[in-house]
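The lines below spell out each chain.
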Amino acid sequence: MKSRLYYVLFFVYAIVVFFVLYLNGVFTGTESSTVNLVINIGFLIIIGVLFVISAASFGRLNGITDELSELTLQLQKEYKEANGRNLWGSYQSRNDVFKNEQLRTAFNKYRLRIKSQSTRRGIANPCGLEEYINEDLLDRAGMSFFNSGISGTLTGLGILGTFLGLSMGLGSFSGDDIFTISDNVGSLLSGMKVAFHTSVYGIFFSLVFNAVYRCIMADAYEKLEEFLCMFRQSVQPQGVRRRITLPP
């Protein structure tokens, strides 16, 4: 369930879009400022594009973790049916262990590494699968280099909107007496409205995204660890014990 949390982003996004349009009078036909509406829509489009890119990466990550979870259950079943015997003999020549290309490539590299360590007596010092299928692989699939910066980007957009709104309001604010100043209060408040809205939903989106991202990655790492533990127990080949000759 945690791996599908990114759907929450679009649910929250739809609510915020509706709320912003409502505040700008789109549904009631009482738009107070077209400029304000355009700026808010522009910011929301940027945020929406970021969410779509992130959702695509989360979908790829889920494809990998779902396959790892399925194989974990399969290994448990086969290991039990084999009465606790090591399964490497049946997995060392299989090309259909993984359907995902990244996992399949990593596993093939692992098999070649094990093959290169094979001797007449057996396998000398076999490496672990975690050297090839690990958190780095999940980070690449989940585009951590991109998603880890989304939260800060959303906060930055909120701050940018704040200064943009204040600049708009102050730019149209003029006058040197109480009468002319009072005539420009509306434009100042209009700019502050942009500043307030963008900062609020920018920070709000940042908090929501950060929570969702951390939950998704934590769930992915947990599934990976469960798979690696099961693989070490049931499939990973055993190394040859070296004979130690003691001096006379």
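Just so it is clear, the structure is predicted and the values come from calculations on it, not from any experiment. (Residues numbered from 1 in each chain as written. Predicted model: local features only at pLDDT ≥ 70, side-chain atom pairs only at ≥ 80, totals over all residues. Heavy atoms only, no water.)

### Looking at the pattern of salt bridges
Moving on, step 1. With the rule as written, the count across this model stands at seven salt bridges.
Moving on, step 2. The partner of lysine 223 in a salt bridge is aspartate 219, and the shortest N-O contact between them spans 3.4 Å. In this pair, lysine 223 and aspartate 219 are both assigned in helix H9 (residues 185-234), four residues apart and thus about one turn of the helix distant. Of the two residues, lysine 223 and aspartate 219, neither departs from the other in class, the shared state being buried.
Moving on, step 3. Across the pair arginine 232 and glutamate 225 runs a salt bridge whose closest N-O atoms are separated by 3.4 Å.
Moving on, step 4. Judged by relative accessible area, glutamate 225 falls into the partly exposed class, the value being 40%.
Moving on, step 5. Look at the salt bridges and you will find they share partners, linking Arg4, Asp66, Asp219 and Lys223 into a network. (Salt bridge = Lys/Arg side-chain N within 4 Å of Asp/Glu carboxyl O. Helix = DSSP H or I, 4+ residues; strand = E, 2+ residues; numbered from the N terminus. Buried < 20%, exposed > 50% of the residue type's maximum accessible area, 1.4 Å probe, protein only.)

### Overview of the confidence of the model for the chain
Moving on, step 1. Per-residue confidence for the chain gives a mean pLDDT of 83; residues scoring 70 or more make up 81%.
Moving on, step 2. Within the chain, helix H5 (residues 135-141) carries the highest mean pLDDT (95), whereas helix H8 (residues 178-183) carries the lowest (52).
Moving on, step 3. Confidence over residues 240-248 falls short of pLDDT 50; this stretch has five contacts with residues more than four positions distant or in other chains. (pLDDT = per-residue confidence, 0-100. Contact = heavy atoms within 4.5 Å.)

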